[in-house]
Amino acid sequence: MASMRSIWRTKRVRILVPGLRRGIALICLSVGIVGVSYGAAATAAGFPAWVPVLTAGAVLAASSEFLFLGILAGGGSPVAAVAAGLLVNARHLTYGLAAADVIEPGWRRIAGTHLMSDETVVLALAQPDRGRRRAAYWAAGAGIAVCWPGGALAGALLGRAAHGTGLAGPGALGLDAVFPAAIMALVLPALRDDRRARRAALAGTAVALAVTPFVPAGLPELLALAGLAAAGRPPWFRRQPRKPWFTRRPTDPGAA
Amino acid sequence: MAAPASDLTVTVAALALAAGTFALRLAGPLLRARVTVPPRVQRLLADAAVVVLTALAATSAVTTGHGFAGPARPAGVAVAAVLAARRAPFAVVVLAAAGTTALLRLLLGG
């Protein structure tokens, strides 16, 4: 039993080719840096240091946590903060449905489910086969599970110091461009290969950008799903073609 | 500086967010384990994830909150997109995004 487990573990590590490992390391690094800014921002807003660490470990979804603490810090009600966070995280429902085969059934499902995020899912979907999908998902998931709360802890402890040195602000270093660039780079192959997905994604992106100024955070990405309608009519929607009038018998009711 | 909300409030709210998020994450795999999904629907679900991820990349590149994020970030991501389309390595794409954005912010001040 023990030797089988070690073979499996070595196989998984070998699946992670150097290029993929570098990509995962970069993602984890950028997540850690944003984590530092999150922790520092939280303490700057007056929260005790354990608060960002708690959310980072328990929620593990950066954008919703920023929004959650932001609403609380601005005097909003906790109910509003939770609701807004859940709306932002609603896209995980889509991710779970799409990437279900990556998460193994059984007890590992709990951990695997918690690790679900934009980064782990897009990395997994970019892999060519299930073995690589699982390896990439778990490696990235484990890395982020360490780097996000770890970064938050570091940021919370550095607190004002991090804020003062500009470490907390991703603006000057252009770090805020890393997340969209990484997601875009990983989703590009899927857009390249699949015409229907590409059409749906472009239409959906147009919808999302159009509604962003008017709707709460999290909703634009969900409304983008409307773009699937532009992907071309799926086979099960195709109606039976109407029979031409000259083949219809006189006793036919008429309108089909 | 006084905390914006009491420790208990924050803890309960954070755990509520955590539980709700976990439920959202779990729903997909749980459903797929119980229901046989035909291949067409599987394809639709994969497309759905691609649509959401693309929209996410676009909105996070171009907007902050409800408004435009300024020219630097979208430009940085656009440069990265060109490199990615030319199959540049992932590290190059990501570093180019950050570097271009930082440079433009330096030059344009926004």
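Structure first, text after, so check above.
Scope of this entry: the structure provided in the associated data block.

As a further point, take the nonpolar core. Ranked by size, the top nonpolar core spans 80 residues in total, and within it Phe68, Tyr137 and Met184 of chain A together with Phe90 of chain B carry the most contacts. Here this core gets ten residues from one element, more than from any other, and that element is helix 11 (residues 178-193) of chain A. Those residues in contact with Tyr137 of chain A, other than ones at most four positions away along the chain, are Val102, Ile103, Gly112, Leu115, Met116, Thr120, Val121 and Ala124 of chain A.

Here we take up helix 1 (residues 7-34) of chain B. Across its 28 residues, helix 1 of chain B extends 40 Å between first and last C-alpha, which sits within 8% of the 40 Å expected from 1.5 Å per residue. Along helix 1 of chain B, the sharpest change in direction is near 35° and occurs at Leu26 of chain B; proline Pro29 of chain B comes one to four residues later. Among the residues of helix 1 of chain B, Val10, Ala13, Ala14, Leu17, Ala18, Gly20, Thr21, Leu24, Arg25, Leu26, Gly28 and Pro29 of chain B are the ones counted as buried. Buried-residue contacts for helix 1 of chain B involve helix 3 (50-58), helix 4 (62-73), helix 5 (78-89), helix 6 (91-98) and helix 7 (108-114) of chain A.

Before going further, it helps to spend a moment on the packing of helix 11 of chain A against helix 2 (residues 39-62) of chain B. Axis separation between helix 11 of chain A and helix 2 of chain B bottoms out at 9 Å; the angle between their running directions is 145°. Crossing hand, helix 11 of chain A versus helix 2 of chain B: left-handed. Of the residues in helix 2 of chain B, those in contact with Phe179, Pro180, Ile183, Met184, Val187, Ala190 and Leu191 of chain A of helix 11 of chain A are Val50, Leu53, Thr54, Leu56, Ala57, Ser60 and Ala61 of chain B. Its residues assigned to classes, the contact of helix 11 of chain A with helix 2 of chain B shows twelve nonpolar, two polar and no charged.

All right, on to the interface of chain A and chain B then. With 85 residues of chain A in contact, the opposing surface of chain B contributes 67 residues. For the pair chain A and chain B, the summed buried surface comes to about 6,500 Å²; carbon and sulfur atoms form 77% of the total. Summed over the shared surface of chain A and chain B, the number is four salt bridges. Of the charged contacts, one joins Arg43 of chain B and Asp194 of chain A as a salt bridge, the two residues approaching to 3.4 Å between their closest N and O atoms. Here chain A is connected to chain B by 14 residue pairs in polar contact (both at pLDDT 80 or more).

Take the packing of aromatic side chains next. All names here are of chain A. Under the definition given, this model contains two aromatic pairs over all chains. With a centroid separation of 5.0 Å and 70° between ring planes, the pair formed by Tyr38 and Phe66 is classed as edge-to-face. With Tyr38 in helix 2 (residues 18-44) and Phe66 in helix 4, this pair connects stretches of sequence that are 28 residues apart. Since its relative accessible area comes to 1%, Tyr38 is described here as buried. Among the residues examined, Phe66 registers a relative accessible area of 34% and is labelled partly exposed. Between the aromatic rings of Tyr38 and Trp148, the centroid separation amounts to 5.3 Å while the plane-to-plane angle is 20°, which identifies the pairing as stacked. Taken as a pair, Tyr38 in helix 2 and Trp148 in helix 9 (residues 130-158) lie far apart in primary sequence, 110 residues in all. Judged on exposure class, the residue Tyr38 and its partner Trp148 are both buried. Among the aromatic residues, those joined into a ring-pair cluster are Tyr38, Phe66 and Trp148.

Calculation rules
- Residues numbered from 1 in each chain as written.
- Chains lettered and ligands numbered in written order.
- Predicted model: local features only at pLDDT ≥ 70, side-chain atom pairs only at ≥ 80, totals over all residues.
- Heavy atoms only, no water.
- Core = buried A, V, L, I, M, F, W, Y, C linked by side-chain atoms within 4.5 Å.
- Buried < 20%, exposed > 50% of the residue type's maximum accessible area, 1.4 Å probe, protein only.
- Helix = DSSP H or I, 4+ residues; strand = E, 2+ residues; numbered from the N terminus.
- Contact = heavy atoms within 4.5 Å.
- Expected span 1.5 Å × (residues − 1).
- Bend = angle between axes of the 7 residues up to and from the residue.
- Axes fitted to C-alpha atoms, helices over the stretch in contact; angles between N-to-C directions.
- Left-handed = near helix turned anticlockwise from the far one by under 90°.
- Nonpolar A, V, L, I, M, F, W, Y, C, P; charged D, E, K, R; others polar.
- Buried area = accessible area lost by both parts, 1.4 Å probe.
- Salt bridge = Lys/Arg side-chain N within 4 Å of Asp/Glu carboxyl O.
- Polar contact = N/O pair within 3.5 Å; in protein donor to acceptor, adjacent residues only side chain to side chain.
- Phe/Tyr/Trp six-rings, centres within 6.5 Å; stacked < 30°, edge-to-face > 60°.

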